[in-house]
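Chain by chain, the residues:
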Amino acid sequence: MLELLSIIIAIVALALARKANTRSLALQARLDALQAGQPLTAKPSVATAAAAPPAPIVSDAPLAPELQPEDVTTTAAEPVEPPFAATEQPAPAAAPPAAASAPVAKPGFEERIGTRWVVWVGGLTLALGGFFMVRYSIEQGLLGPGVRVLLGGLFALALLGAGEWTRRKEDITNIRALPIANIPAILTAAGTAVAFATVYAAYALYDFLAPASAFILLGLVALGTLAAALLHGPALAGLGVVAGFVTPILVSSDKPDYWALYIYLAVITAASFGLARIRLWRWLALTTIALAFMWTLPGLDIVAQSLAPPAFHVVVSFALAALLVVGGFLFGPSQDDGRIEPISSGSLATFLLAAALIVVDCGHRDAAMIVFALLVAATLGIAWRAASATAAVAAAAALAALVFLAWVVQTTPELLVLQGAPLPGIDADPLAGSVTTHLIVAALFAIGFGGAGLLAQGRGNNAAVPVVWAASGVFAPLALLIALYARIAHLDRSIPFAIAAVLLAAAFGAATEALSKRAQRPGLAISTALYAAGTLGALALALTFALEKGWLTIALALMSAATAWISLQRPIPFLRWLAAILAAIVVARIGWEPRIVGDAVGTTPIFNWLLWGYGVPAAAFWLGSVWLRRRGDDVPLRMIESAAILFTVLLAFLEIRHAVNGGDVYSDNAGLTEVALQVCVSLAMAIGLERLRRRSGSIIHNVAAVLLAVFAALASLGGLLLFENPLFWSAYIGGAVLNQLLLAYAAPALLALLLSYAVAGLRRPFYANSFAALALLMGLAYVSLEIRRLYQGPVLSISDTSDAEQYTYSLAWLGCGVLLLGAGLVFDSQRARLASAVVIGLTICKAFLIDMSTLTGVFRALSFMGLGLVLVAIGWLYQRILFRTPGAAVAPPQAAPSGDSPPN
């Protein structure tokens, strides 16, 4: 186990050393080029930097702060004289373009083997040689355990000394200008690996060291490695930080001391952050943040018994990140541009997350809540001073909301499955934090986030910073209010919470007015929109808290209309989107429970909860669409219009289902009356939308009209004429004239005819003619079924068809054809005349195909005689009236002279 661990550590160390060596060579080459006065337009290799002639600096690329000498200028007017340039050959005024773009010569195979690979393999061989020597002495029993440990320590010291000696030697001989591997870094890495393995062997294999002593020695090795990284580069830094955080895993104890653990981790974290700050290594800062956060997780197992050690670890790590990592704050890297920096914000957010996990895991104890609150307050203060950490404010707001949501779920889990008050005997968890503490913390959070979000407006030139402050200042108070309402009021009506929501709405409204009067600054418009959205959201919560739960749909719909009206008074683009978002929430709400209030919808037709739950939102959305249309047609307006049409259609359909099925909107039966009413309502709404789209030009009105018309046509053909046709099923249709047939066939025929005239000239002829044909089909069906009702009674599918009934069909169809022809002649309607031809054609077909074979006696004769007379009369009408041959008027005859004969 020891040998395997040692080999892995050595390989990792040497790999990191190789990567670090490449970076250090590039930096050294740039320094040499800077001292020689060469241009820095590209990253030259070390060989190129040594061989290139000196030239003035013409690069526009900024150097790193630590690479900018104080006495060097980069202007062409004042060229820098290279310190090591020969006086006999002055530097040229400017480098030729060809030289600047010349390709960099890459080292050859022999050069790489001789200067790099040999050194890397040599370093690995040194480390492995020490490990194998110890193993050989163990296997042969040559040396005792004490001598082995001593020799390992001496070998590690020898390697460390050799690394330091070669580093100093290179500084004296300027050997770094050659493209070689970093020998000092490799020797030092091998030495630290051997030292680490030696201490661990003395503890784990030979029991020479107590856990505390081994812990301290391994920590010192890790700290020494981090310190050596200041001189030898990032390879040792990676080795040191990994070794430092892995040490507690290697050293175990039957009675772990968490205080010692977290104090040790604090030292390692401080050393890592300090090294990352001095050398500006972002990767080292990120690695330290991740490892420090991971060490919070073992502490969660003891928070129920001892909260102080993990809390200490989180607080210290947070403080170290604030001191050394956050850009522009205290000892962190300089940052004056006002931008949000990911590592600065992420470091604070990571340790806030650790504090939140402690709060949740310990059952929201008061002490944990206080620690979390202090860290949130510190985050606000740090972000106020350093814009680089502004994103941590949004993370703090989100974590605060999640902590309170977890408090609600943990203390009252019945809210996840029940609506209303908890079951009898179920109350808060006695081990959970007190309600008073959470109320105080929530109030402080609301004041802190809300006040800071308002005061932060206009403080910088970066638009993202004030927007993040405003979003956090709006979100946090609303989320905390909802969580407290769910925990304390158990989702029941609560006037105190409604009053609190109204006060919060007033505060947000005042902030909106104050910001709308300020001069334009980056992000101000979005921040104003966010506070306006918070105002409307708080008012919606007030309505929800004060009214019954079923009124939530109504409250949100009214808020959508109110938002549309406010967008007219305050033309903030986001308000239009907010109105659409509220409408989408209402649509999602009815998708979850279409009955709005569940079983309490009522049984009274029309005047039940469906009327209020769908009618009021429909009216609100129609009104909101009118207000939004005054400022243009865009996506939010179309969303509102879609919601208005959807709620109008659902109101009609659900009221029909409610009335027909005795209050059960979930009934799986759809009879003739229900389908007929739905078809009539669909056709009527399609006609209304066709009229409306002429004025509005809305694509939503256009598409909705087509969809409703197509639905009505399909329901008529499939539902009324096929599946629910009383001719095929034993259904009672009612009286002789006032019956279901009038509603199911006559009314749709009339509405389809009106729809065909409503779209005539506005849509394609095929569309209008299709609904004219549907009207004709439904009209003939009504006439035929009504005749059946007169002969068969209220149930149409019982008896056979008599000769008189069969003759009456022919006579009625023929009469319908004649009436249509008369209407076509009177109103000069070609469509009516064509319909007449279709009906008469059907009558002819029936006469020859059905009447000839089924009718007997006088009915057969009368059928054909009547049909013949009608056809002759129709032909005469077409010849004399419709298609009369034009010709000159015939002059009246004159008397011929006597004796003259009339002309032939």
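Here the structure is a predicted model, which is why all the values come from computation and not from measurement. Per-chain numbering applies: the sequence of each chain, read as written, is numbered from 1 onward. Under the rules for a predicted model, residues below a pLDDT of 70 receive no local features and side-chain atom pairs below 80 are neither given nor counted, while totals for whole chains, interfaces and linings still include all residues. Just so you know, side-chain values use all the structure's heavy atoms and leave hydrogens and water out.

Colleague: Quick one: what's the story with the overall build of the chain, residue by residue and with numbers?
Modeller: Runs of E in the DSSP output that reach at least two residues are strands. Runs of H or I that reach at least four are helices, and both are numbered from the N terminus. Helix and strand counts for the chain stand at 30 helices and zero strands. Only protein chains enter the accessibility calculation, which uses a 1.4 Å probe; a residue is then buried when its area is under 20% of its type maximum, exposed when over 50%, and partly exposed in between. For the chain, buried positions account for 46% of its 904 residues. The contact rule is simple, with two residues in contact once any of their heavy atoms fall within 4.5 Å. Restricting to contacts in the chain with at least 6 residues of sequence separation, those with at least 24 account for 71%. Accessible area for the chain stands at about 44,400 Å²; split by element, carbon and sulfur atoms hold 69% of it. Accessible areas in this description were obtained via Shrake-Rupley with a 1.4 Å probe; residue shielding takes into account the shown protein chains only.

Colleague: Which residues make up helix H13 (residues 342–361), and what are the values?
Modeller: Given a rise of 1.5 Å per residue, 20 residues ought to cover 28 Å, and the 28 Å separating the end C-alpha atoms of H13 matches this to within 8%. Where H13 begins, the capping side chain belongs to Glu341, and its oxygen is found 3.2 Å from the backbone nitrogen of Ile343. One or two residues past the end of H13 sits Gly363, with phi positive at roughly 80°. Residue count minus one, scaled by 1.5 Å, sets the expected span of a helix. Side-chain atoms alone can form a polar contact between residues adjacent in sequence; in general such a contact is a pair of N or O atoms within 3.5 Å, and within protein one must be able to donate a hydrogen while the other accepts it.

Colleague: Report on the pattern of salt bridges, specifying residues and quantitative values.
Modeller: Salt bridges are defined as contacts in which a side-chain nitrogen from Lys or Arg sits within 4 Å of a carboxyl oxygen from Asp or Glu. All told, the structure shown has 10 salt bridges when counted by the stated rule. The partner of Arg638 in a salt bridge is Asp633, with the nearest N and O atoms 3.3 Å apart. For Arg638, a relative accessible area of 33% gives the class partly exposed. A salt bridge links Glu690 to Arg693, with the shortest nitrogen-to-oxygen separation between them at 2.7 Å. With a gap of three residues between them, Glu690 and Arg693 both fall in helix H24 (residues 672–696), about one helical turn apart. Accessibility classification places Glu690 together with Arg693 in one group, the buried group. Linked through salt bridges whose partners overlap, the residues forming this network are Glu690, Arg693 and Arg763.

Colleague: Give a detailed account of a nonpolar patch on the surface, specifying residues and quantitative values.
Modeller: Nonpolar side chains (Val, Leu, Ile, Met, Phe, Trp, Tyr) within 5 Å and like charges within 9 Å form the patches, drawn only from residues with over 30% relative accessible area and no salt bridge. Residues Phe574, Trp577, Ile581, Ile585 and Val635 make up a contiguous nonpolar surface patch of about 420 Å² in total accessible area. Element by element, the count of residues in the nonpolar patch is highest for helix H21 (residues 573–592), at four residues. With respect to the element layout, Ile585 can be found in helix H21. Residue classification places Ile585 among the partly exposed positions, given a relative accessible area of 41%.

Colleague: Let's hear about the side chain of Thr296: which residues, and what values?
Modeller: Following the sequence through the fold, Thr296 ends up in helix H11 (residues 296–299). Thr296 gets classed as buried once you look at its relative accessible area, which sits at 2%. Within polar-contact distance, the side chain of Thr296 engages the backbone oxygen of Ala292 at 3.5 Å.

Colleague: Outline the side chain of Ser388, listing residues and values.
Modeller: Position of Ser388 among the secondary structure elements: in the loop between helix H14 (366–385) and helix H15 (391–411). Ser388 has contacts with Val326, Gly327, Gln335, Arg339, Ile340, Glu341, Ser344 and Ser345, leaving out every residue within four places of it along the chain.

Colleague: Requested: an account of unusual backbone geometry, with residues and values cited.
Modeller: Backbone geometry places Leu280, a non-glycine residue, at a positive phi of 55°. On the secondary structure map, Leu280 appears in the loop between helix H9 (258–279) and helix H10 (282–294). A relative accessible area of 38% places Leu280 in the partly exposed class. Positioned with a positive phi, His364 is a non-glycine residue whose angle comes to about 60°.

Colleague: Requested: an account of helix H16 (residues 435–455), with residues and values cited.
Modeller: Here H16 is 21 residues long and its end C-alpha atoms lie 30 Å apart, about the 30 Å a rise of 1.5 Å per residue gives. For H16, the full list of buried residues reads Thr437, His438, Val441, Ala442, Phe445, Phe449, Gly450, Ala452 and Gly453.

Colleague: Mind laying out the nonpolar core, listing which residues take part and the relevant values?
Modeller: The term nonpolar core refers to a set of buried residues drawn from Ala, Val, Leu, Ile, Met, Phe, Trp, Tyr and Cys, joined through side-chain atoms within 4.5 Å. If you look at the biggest cluster of nonpolar residues, it comprises 90 residues, and the most contacted ones within it are Phe372, Phe404, Phe445 and Phe449. Sorting elements by how many residues they give to this core places helix H17 (residues 464–489) first, with 14 residues. Contacts of Phe404, omitting those with residues within four sequence positions, involve Met369, His438, Val441, Ala442, Phe445, Leu480, Ala483 and Leu484. Counting 44 residues, the second largest nonpolar core, distinct from the first, contains Val679, Ala712, Ala768 and Ala781.

Colleague: Describe in detail the packing of aromatic side chains, supporting the description with residues and values.
Modeller: For Phe, Tyr and Trp, where Trp contributes only its six-membered ring, two rings pair if their centres lie within 6.5 Å, and the inter-plane angle classes them as stacked under 30 degrees, edge-to-face over 60, or tilted in between. Applying the stated criterion across every chain, the model contains 15 aromatic pairs. Aromatic side chains Trp281 and Trp283 sit 6.0 Å apart centroid to centroid with 25° between the ring planes, which places their arrangement in the stacked category. Taking 5.6 Å as the distance between ring centres and 40° as the angle between the ring planes, the aromatic pair formed by Phe653 and Phe711 counts as tilted. Here Phe711 lies in helix H25 (residues 699–723) and Phe653 lies in helix H23 (residues 635–660), a separation of 58 residues in the sequence. Its relative accessible area of 34% is what places Phe711 among the partly exposed residues. Ring pairs connect the aromatic residues Phe372, Phe445 and Phe449, which therefore count as one cluster.

Colleague: Tell me about the packing of helix H20 (residues 551–569) against H21, and name the residues and values.
Modeller: Close contact between H20 and H21 brings their axes to 8 Å; oriented N to C, the two are set at 165°. As judged from the angle between their axes, H20 and H21 are roughly antiparallel. Note that H20 runs across H21; the crossing there is left-handed. When H20 is examined against H21, the residues Thr553, Leu556, Ala557, Met559, Ser560, Thr563, Ala564, Ile566 and Ser567 are found in contact with a partner set consisting of Leu575, Arg576, Leu578, Ala579, Leu582, Ala583, Ile585, Val586, Arg589 and Ile590. Axis definition: a line fitted to C-alpha atoms, limited for helices to the stretch in contact. Angles are taken between N-to-C directions and run from 0 to 180 degrees. We call two directions roughly parallel when the angle between them is under 35 degrees, roughly antiparallel when it is over 145, roughly perpendicular when it lies between 65 and 115, and oblique otherwise. Left-handed describes a crossing whose near helix is turned anticlockwise from the far helix by less than a right angle; the clockwise case is right-handed.

Colleague: I'd like a description of the packing of H24 against H25, backed by residues and values.
Modeller: Interaxial distance between H24 and H25 falls to 8 Å at its minimum, and their mutual angle equals 155°. Taken together, H24 and H25 sit at an angle that is classed as roughly antiparallel. Crossing handedness for the pair H24 and H25: left-handed. Each residue gets one of three labels, nonpolar for Ala, Val, Leu, Ile, Met, Phe, Trp, Tyr, Cys and Pro, charged for Asp, Glu, Lys and Arg, and polar for the others, Gly among them. By residue class, the composition of the contact of H24 with H25 is 17 nonpolar, seven polar and two charged.

Colleague: Pulling in residues and values, what's your account of the confidence of the model for the chain?
Modeller: The quantity called pLDDT is the predictor's confidence in a given residue, expressed from 0 to 100. Here the chain shows a mean pLDDT of 76. Residues at 70 or above account for 65%. This stretch, residues 1–5, has a pLDDT under 50; its non-local contacts, to residues over four places away or in other chains, come to seven contacts. Here residues 109–120 scores under 50 on pLDDT; set against residues more than four positions off or in separate chains, the count is 21 contacts.

Colleague: Break down the environment of Gly274 for me, with residues and values.
Modeller: Along the chain, Gly274 falls in helix H9. In this structure the C-alpha to C-alpha distance between Gly274 and Ala285, which are 11 residues apart in sequence, comes to 9.1 Å.

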